[in-house]
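The lines below spell out each chain.
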Amino acid sequence: MIYKMLPKIDGEQQIFARIDDDGLCRLTCTAQNPEFQTHIKAGAELQDADGNVMTQEQASAYIATLP
C-alpha cells in the first residue's frame, strides 16, 4: 500500500489517495485522517503528484506542515 498526493487545488486541502497492493485506489483522505497518519508514521510510502517517492523523513516533515 502506498499513499499518493493528488494534484493540489488552490484554496483546498491536500488530498491523498491510498493505492492498495493490487494498484487500485479505494480511499482518498486529508492529512487529518488517523489511519493515514498512522501508516505514514509507520513508514508507508508517500509519493508526490509526479510519482516521486519521499523518504520517511521527508514524508513526516511534510505531513507535520499540513493544517
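As a reminder, the structure under discussion sits directly above these lines.
Presented here is a report on the structure given in the accompanying data block. Only a predicted model underlies this, so the values are computations on that prediction, with no experimental measurement involved. Numbering of residues starts from 1 in each chain and follows the order in which that chain's sequence is written. For a predicted model such as this one, the threshold for reporting local features is a pLDDT of at least 70, and the threshold for listing and counting side-chain atom pairs is 80 or more; totals across whole chains, interfaces and linings nevertheless cover every residue. Hydrogens and water are ignored here; the side-chain numbers use all heavy atoms of the structure.

## A closer look at the sheet that holds strand 3 (residues 25–29)
- A strand pair is defined by DSSP finding two or more bridges across the two strands. Numbering of helices and strands runs from the N terminus; a helix is a DSSP stretch of H or I covering at least four residues, while a strand is a stretch of E covering at least two. Taken together, the four strands give an open sheet; going across it, the order is 3-2-1-4, and neighbouring strands pair in mixed fashion. Edge positions in the sheet fall to strand 3 and strand 4 (45–47), since each has one partner strand and no second. Strand-to-strand twist of the sheet, defined as the mean angle between neighbouring strand axes without regard to direction, takes the value 25 degrees.
- The pairing of strand 1 (residues 2–5) with strand 2 (residues 16–19) spans four bridges and is classified as antiparallel. Note on strand 2: the bridge partner recorded for Lys4 is Ala17.
- Helix 1 (residues 34–41) rests against strand 1, strand 2, strand 3 and strand 4 of the sheet, and its axis sits at about 110 degrees to strand 1. Between N-to-C directions, angles cover 0 to 180 degrees, with each direction set by a line fitted to C-alpha atoms, over the stretch in contact for helices. Whether two residues touch is decided by their heavy atoms; if any such pair falls within 4.5 Å, the residues are in contact.

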